[in-house]
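Structural features, examined
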Amino acid sequence: MKKIEAFVRHESFDAIRARLADMGLPSMSISEVKGSGRQGGYTESYRGAKTTIFMRPKLKLEMVVNDADLERAVDVILELAHTGEPGDGKIFIIPVEDAVRVRTGERGEIVLASHPDDAA
Amino acid sequence: MRKRSLRMLGAASLLLLGMPGLAAAQDGSLVETDVAVNMLWIVLGGILVLFMQAGFLLLETGLSRMKNAGAVAGKIIINLGITFLMFWATGFAIGFGNGNNFWGSSGWFLSTGDAAGDTLSLGLLDFTGADYGVPVEAFFFFQAVFAAVSLAIVYGTMLDRTKFIAYIIFGVVFIGLIYPIVAHWTWGGGWLAQDGFLDFAGSSIVHLQGALAALTGTLVLGARLGKFGKDGKPRPIPGHSIPLFMLGVIILWFGWMGFNGASSLAAVGANFADIIVNTNLAAAGGVIGATIGALIMFRTLDVSQMGNGAIAGLVAITAACAFVDPWASVIIGFVAGLIAPMIVVGLDKMRIDDPIGAIPVHGIAGIWGTLAVGLFGTAARTVDSDLGASAGLFYGGGGEQLWVQFYGVMATIGFTGAATLVLWLIIKYTVGLRVPEEQELAGLDISEHGMYGYPEQFIEVPGAFPESTRHSAGMAMLSRPTSNSEPE
């Protein structure tokens, strides 16, 4: 099991979510984050006072997948989050010890499998 | 007078100056319907001015931070509580009661020695029915809501860092004593009125006074934490809602129709539509002026400055709206708006923190508007109206009126500036004026009032977040989507 932590542009998310879901990978979490990187800051001007905002809003996408699904999932994010400009974001891959499904108490890779009703 | 008063700004202003008798029909007393119509307009105007408090609430809330939004709402409503009680107790008597050239001293608690109350003689104002044309209660209500506007201006500049108790103490003295003394000089028939000083609806009396108290207040109080960096450079502390701010601006603009329009203090024979047109032209000029001013000064189309420009135009035309031609109204408003962003920058340079811009739009625009009467006042509307006034500089009246306007403004600055400065210092060294740093960082909502204006923003509120989709939920809107893609 691996955890994918991807920092991406907000506008890229809808397409990523739809494609991953179609591939049978609907389980994910997102959060609004702010970060800095090579993209740099921007200027805020309010009633004549100016300041530079260094932390830009990004979306953090987190999902845990089976090792077998990892490359497929990363490829989707790589394809759909890419514009070629600074600020496209980064993807981190982290090993995961175990997983527990709260509803049933099941453990291990079975937790990551899609519900049988789900597509694909 | 009836015929003459069709030209009417004259008579309107006479009423304002409280010269009895001149407003009544020459051939006798006003008839009952005249009184009814006059009263209707004055009370309606007062209701519009009362609604301006909603405008101040939204304007100030919009330009404050979320952690202080509830505190702003609290001080708006305490303002109304203090103003009506204090203006009833002492303010009205000092402002409009019988007395000397500097203050009135009769009519405490609206007592006039007349049980009926609606026919009385109070100071230079003669309310004995026929002469004046409205019951004294109408006039009291109208003046009380004006005082509340002046106090609201003070509180705005001090938001985000002032102890609530300081607002209460200041409000009691300001409404009960300071504001009405300056009002008496002109509107109570005092020394400025006798010199021919013209301030139709209060550019100086209401707005400049409020801005002066705001200035002395922020000087004693100091800037909000973090407003100025260690290098002295101003830093933006953006307000949390520009749409709320602009709704406040538009409500103020709306209320100003009563503020200026009903300051004719009569409807019968009074051309208050003329005043209302001038008022709107100036507000429009202010918007355009401030938009250009912000572009020049900041290189941005700063929306908060555009809104401030409307208010600056309205404040500036308040003194002059009954005395000038429409084209002059546009100029007066435009200049007031154009200079507002420059004043904002100047205040920042002097490290004076004015979060809502009250000092430029009520203070500087108030001074400009009062002086503008001495520049643009037309002979027909100043000389002929027996106000003891002269036409403005640009209408062949020479500098005489401008000089009167100038020392009227200076007297207001001297008196109100000094009185409010002393009052703020007394508050500072007794109960304290500013909350401790820790409370300021926490926000006044929680530290002064124990409740947030926007609780969900800061704390867990039971049931605040909707739990919408149990898997088996039967409602159509909550059913599971059949596709993973967005509906095309």
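Scoring rules and cut-offs
Residues numbered from 1 in each chain as written. Chains lettered and ligands numbered in written order. Predicted model: local features only at pLDDT ≥ 70, side-chain atom pairs only at ≥ 80, totals over all residues. Contact = placed C-beta atoms within 7 Å. Helix = DSSP H or I, 4+ residues; strand = E, 2+ residues; numbered from the N terminus. Nonpolar A, V, L, I, M, F, W, Y, C, P; charged D, E, K, R; others polar. Pairing = 2+ DSSP bridges. Axes fitted to C-alpha atoms, helices over the stretch in contact; angles between N-to-C directions. Core = buried A, V, L, I, M, F, W, Y, C linked by C-beta atoms within 7 Å. Buried ≥ 20, exposed ≤ 12 C-beta atoms within 10 Å, placed from the backbone. pLDDT = per-residue confidence, 0-100. Parallel < 35°, antiparallel > 145°, perpendicular 65-115°, else oblique. Left-handed = near helix turned anticlockwise from the far one by under 90°. Arc of directions from axis to C-beta.

1. Thoughts on the interface of chain B and chain A
Listed by partner, the interface residues are 17 residues for chain B and 13 residues for chain A. Secondary structure elements with two or more residues in the side of chain B that touches chain A: α10 (272-298), α11 (303-320) and α12 (326-349) of chain B. Within the side of chain B that touches chain A, the residues separate by chemical class into eight nonpolar, five polar and four charged.

2. Quick word on the sheet that holds strand β1 (residues 2-8) of chain A
Residues and elements named next belong to chain A. Taken in spatial order, the four strands of this open sheet run β2-β5-β1-β6, and their pairing is antiparallel. Whereas interior strands pair on both sides, the edge strands pair on one side only; in this sheet they are β2 (29-35) and β6 (90-95). Here the strands of the sheet are splayed against their neighbours by 25° on average, with no regard to which way each runs. Across seven bridges, β2 lies against strand β5 (residues 56-65) in antiparallel orientation. Each residue of the ladder has a partner; that of E32, found in β5, is L59. Relative to β1, helix α2 (residues 67-81) is tilted by about 5°, and along the sheet it contacts β1, β5 and β6.

3. Describing the nonpolar core
Core analysis: the biggest nonpolar cluster contains 141 residues, and A316(B), A320(B), I332(B) and A336(B) have the highest contact counts within it. Residue contributions to this core peak at 17 residues, all from helix α5 (residues 136-157) of chain B. Membership of the second largest hydrophobic core comes to 13 residues, among which are I4(A), I16(A), A21(A) and V65(A).

4. Concerning the confidence of the model for chain B
All names here are of chain B. With 84% of its residues at a pLDDT of 70 or more, chain B has an overall mean of 87. Here helix α1 (residues 2-5) stands out as the least confident element of chain B, with mean pLDDT 27; helix α9 (residues 242-261) is the most confident, with 98. Note on residues 1-28: pLDDT under 50 across the span, and 74 contacts to partners over four residues away in sequence or across chains. Within the model, pLDDT remains below 50 along residues 115-131, and this stretch shows 53 contacts once partners closer than five positions in the same chain are excluded. Reported for the predicted complex are a pTM of 0.88 and an ipTM of 0.80.

5. A short note on the pairing of strand β4 (residues 49-53) of chain A
Residues and elements named next belong to chain A. Two elements, strand β3 (residues 42-46) and β4, share five bridges in a ladder whose sense is antiparallel. Its bridge partner lying in β4, T43 is registered against T52. Connecting β3 to the next strand, β4, in antiparallel fashion are two residues, including R47 with a positive phi near 50°.

6. What to know about the packing of helix α8 (residues 203-221) of chain B against helix α15 (residues 400-429) of chain B
All names here are of chain B. The geometry of α8 relative to α15 is characterised by a closest axis approach of 8 Å and an angle of 40° between their N-to-C directions. With respect to α15, the axis of α8 lies oblique. Along this stretch, α8 crosses α15, giving a crossing that reads as right-handed. Between α8 and α15, the residues in contact are S204, L208, Q209, L212, A213, T216, G217 and V220 and G408, V409, T412, I413, T416, G417, T420, L421, W424, L425 and K428, respectively. Of the residues in the contact of α8 with α15, the class split is nine nonpolar, nine polar and one charged.

7. Looking at the packing of α9(B) against α11(B)
Residue and element names in this part refer to chain B. Close contact between α9 and α11 brings their axes to 10 Å; oriented N to C, the two are set at 10°. Classified by the interaxial angle, the pair formed by α9 and α11 is roughly parallel. Only V303, S304, G307, A310, I311, L314 and T318 of α11 make contact with α9, whose side of the interface consists of I242, F245, M246, V249, L252, W253, W256, F259 and N260. Across the contact of α9 with α11, the residue classes break down as 12 nonpolar, four polar and no charged.

8. Some points on helix α1 (residues 13-22) of chain A
Residue pairs three or four apart in sequence face the same way in an α-helix, which turns once every 3.6 residues. Residue and element names in this part refer to chain A. Among the residues of α1, I16, R17, L20 and A21 are the ones counted as buried. In a view along the axis of α1, the buried residues occupy a sector of 125°, so they form one face of it. Summarising the contacts, the buried residues of α1 are in contact with α2. Looking at the residues trailing α1, positive phi occurs at G24, about 85°.

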